[in-house]
Amino acid sequence: MSLTIKGISKKFVTKTKQTLTLDNINISFNDGEFICLLGPSGCGKSTLLNIIAGLEKPTEGKIFLNDKKVDDVGVDRAMMFQDSALFPWLKVIDNVEFGMKIAGVPKEERREKAIKYLRMVHLTKFQNSYIHELSGGMRQRVALARALTLDSKVLLMDEPFSALDSQTRSILQIQLQRIWMETKKTIIFVTHNVEEAVLLADRVVVMAANPGKIKGEFNIKLARPRTIENTDLSYIVAQVMKELKEEVEKVAKAEYDSDWSIEEGNILHDPDNNMGNGI
Ligand SMILES: Nc1ncnc2c1ncn2[C@@H]1O[C@H](COP(=O)(O)OP(=O)(O)OP(=O)(O)O)[C@@H](O)[C@H]1O
Ligand SMILES: [Mg+2]
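Residues numbered from 1 in each chain as written. Chains lettered and ligands numbered in written order. Predicted model: local features only at pLDDT ≥ 70, side-chain atom pairs only at ≥ 80, totals over all residues. Heavy atoms only, no water.

Going by an unreviewed UniProt entry, the chain carries the name NitT/TauT family transport system ATP-binding protein and comes from Clostridium algifaecis.

A word on the site of ligand 1. Residues in contact with ligand 1, as listed here, are Phe 12, Thr 21, Pro 40, Ser 41, Gly 42, Cys 43, Gly 44, Lys 45, Ser 46, Thr 47, Glu 159 and His 192. Note that an oxygen atom of ligand 1 is positioned 2.8 Å from one of the side-chain N or O atoms of His 192. In the complex, the protein chains occlude 60% of the 640 Å² of accessible area that ligand 1 would expose alone. Here the element with the most residues in the shell around ligand 1 is helix α1 (residues 45-53); it accounts for 3 residues. Taken together, the residues that form the shell around ligand 1 break down as 3 nonpolar, 7 polar and 2 charged. (Near = heavy atom within 4 Å. Polar contact = N/O pair within 3.5 Å; in protein donor to acceptor, adjacent residues only side chain to side chain. Areas by Shrake-Rupley, 256 points an atom, 1.4 Å probe, with all protein chains shown as cover. Helix = DSSP H or I, 4+ residues; strand = E, 2+ residues; numbered from the N terminus. Nonpolar A, V, L, I, M, F, W, Y, C, P; charged D, E, K, R; others polar.)

Adjacent strands of a sheet form backbone hydrogen bonds with each other and so pair up, either parallel or antiparallel. Strands sit in the order β2-β1-β4-β5 across an open sheet of 4 strands; the sheet is antiparallel. Every interior strand has two partners, whereas the edge strands, β2 (18-29) and β5 (68-70), have only one. Each strand of the sheet is rotated relative to its neighbour by a mean of 30 degrees, with strand direction disregarded. In this fold α1 packs onto β1 (3-13), β2 and β4 (60-65), with an angle of close to 120 degrees to the strand it touches most, β1. (Pairing = 2+ DSSP bridges. Axes fitted to C-alpha atoms, helices over the stretch in contact; angles between N-to-C directions. Contact = heavy atoms within 4.5 Å.)

Taken in spatial order, the 6 strands make up an open sheet running β6-β7-β8-β3-β9-β10, and their pairing is mixed. A strand with exactly one partner marks an edge of an open sheet, and here the two such strands are β6 (77-80) and β10 (213-219). Neighbour-to-neighbour, the strand axes of this sheet turn through a mean angle of 20 degrees, independent of strand direction. Here 5 bridges tie strand β7 (residues 154-158) to strand β8 (residues 186-190), and the two strands are oriented parallel to one another. Of the residues in β8, the one forming a bridge with Leu 155 is Ile 187. Set on the sheet, helix α4 (residues 136-149) makes contact with β6 and β7; between it and β6 the angle comes to about 170 degrees. Together, β3 (34-38), β7 and β8 form the strand contacts of helix α5 (residues 166-183), whose direction differs from that of β8 by roughly 155 degrees.

Turning our eyes to something else, we now look at the environment of Asp 67. Relative to the assigned elements, Asp 67 resides in the loop between β4 and β5. What makes Asp 67 exposed here is its relative accessible area of 72%. (Buried < 20%, exposed > 50% of the residue type's maximum accessible area, 1.4 Å probe, protein only.)

What follows is about the UniProt feature "domain: ABC transporter" (unreviewed entry) in the chain. UniProt feature "domain: ABC transporter" (unreviewed entry): in the numbering of this structure it lies at residues 3-234. Helix makes up 33% of residues 3-234 and strand makes up 28%, while its end C-alpha atoms are separated by 29 Å. (UniProt positions renumbered as here; feature names shortened; annotations may be inferred.)

Turning our eyes to something else, we now look at the packing of helix α2 (residues 92-102) against helix α3 (residues 107-120). Relative orientation and spacing of two packed helices are given, respectively, by the angle between their axes and the distance between those axes. Closest axis-to-axis distance for the α2/α3 pair is 9 Å, and the angle between their directions is 120 degrees. Regarding the angle of α2 to α3, the classification is oblique. Handedness of the α2/α3 crossing: right-handed. From α2, Val 92, Ile 93, Asp 94, Val 96, Glu 97, Met 100 and Lys 101 reach across to α3, where they touch Arg 110, Arg 111, Lys 113, Ala 114, Ile 115 and Leu 118. When its residues are assigned to classes, the contact of α2 with α3 shows 7 nonpolar, no polar and 6 charged. (Parallel < 35°, antiparallel > 145°, perpendicular 65-115°, else oblique. Left-handed = near helix turned anticlockwise from the far one by under 90°.)

As a further point, take helix α7 (residues 231-255). The end-to-end C-alpha separation of α7 is 35 Å, in line with the 36 Å expected for 25 residues at 1.5 Å each. Bending of α7 peaks at approximately 30 degrees at the position of Leu 244. Among the residues making up α7, those that are buried are Leu 233, Ile 236, Val 237, Val 240, Met 241, Leu 244, Lys 245, Glu 247, Val 248, Val 251 and Ala 252. The backbone nitrogen of Asp 232 has a side-chain oxygen 2.8 Å away, supplied by the residue at the start of α7, namely Asn 230. (Expected span 1.5 Å × (residues − 1). Bend = angle between axes of the 7 residues up to and from the residue.)

Attention shifts here to the environment of Asn 210. Mapping Asn 210 onto the fold places it in the loop between β9 (203-208) and β10. It is 34 Å that separates the C-alpha atoms of Asn 210 and Lys 184, two residues lying 26 residues apart in sequence.

See the structure below:
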């Protein structure tokens, strides 16, 4: 399903100030495309994803799915968050079935689908476990299975792997690449990690902050499945990082105290703006 974002702006108004978080965003995503969204903290990535999901209303602009205007939540778009947002008092299988239950899917069909997607994320053995018995990576896989059960054409993922250790993260990146190839969904994936973006995406979109705008795009034409060790991939990572670094520095300068200075290399390892390891 193709997705068109037309003239989206978002202004947040609080008692003390007005912030223009998104300023006239115009971009289209193709059916089945894997998009990664990068940008400095606060540039409006989550806000844009929430608007696409219908969880937040734009101040201006429209979202179209295959030329049909959407302005509310819908089963055509599923969302997955940084923390798995699972229910600790429910078993794994019941968590996976939850969205379908709300959507009124009959019990048998629900169970069948839940098992199918738990198999896809390799968790059938844990279907009767409770969430607190699972590791962080397993919880994110449960959340992914839950998001997949809705059979939505569009999957919106807001930093889904950022709380995970790097080994677990790379396993999930491989699984997600497989699932995407199998399901042919349009995926919009927000990350702070440039390597992750280049590894996964058909197209990497870089955003600028204050106000949030689209700064640049990179088409990634590398063959799949991809690995971090690929030298062509490292070359593209360096290019994207150059584009992003300027923006991250701009935001850091505005946010930090005036006696704080940006030293070469320092910014790349800022835990809040993880731009990939070792580069
Ligand atoms: N409900 C809200 N009310 C007021 N301001 C908000 C609200 N939600 C977001 N903002 C502001 O909008 C800006 C963008 O926030 P958003 O969470 O979309 O950024 P982000 O790019 O996802 O950042 P991060 O990378 O840290 O997750 C921030 O300045 C934030 O303070
Ligand atoms: Mg965010």
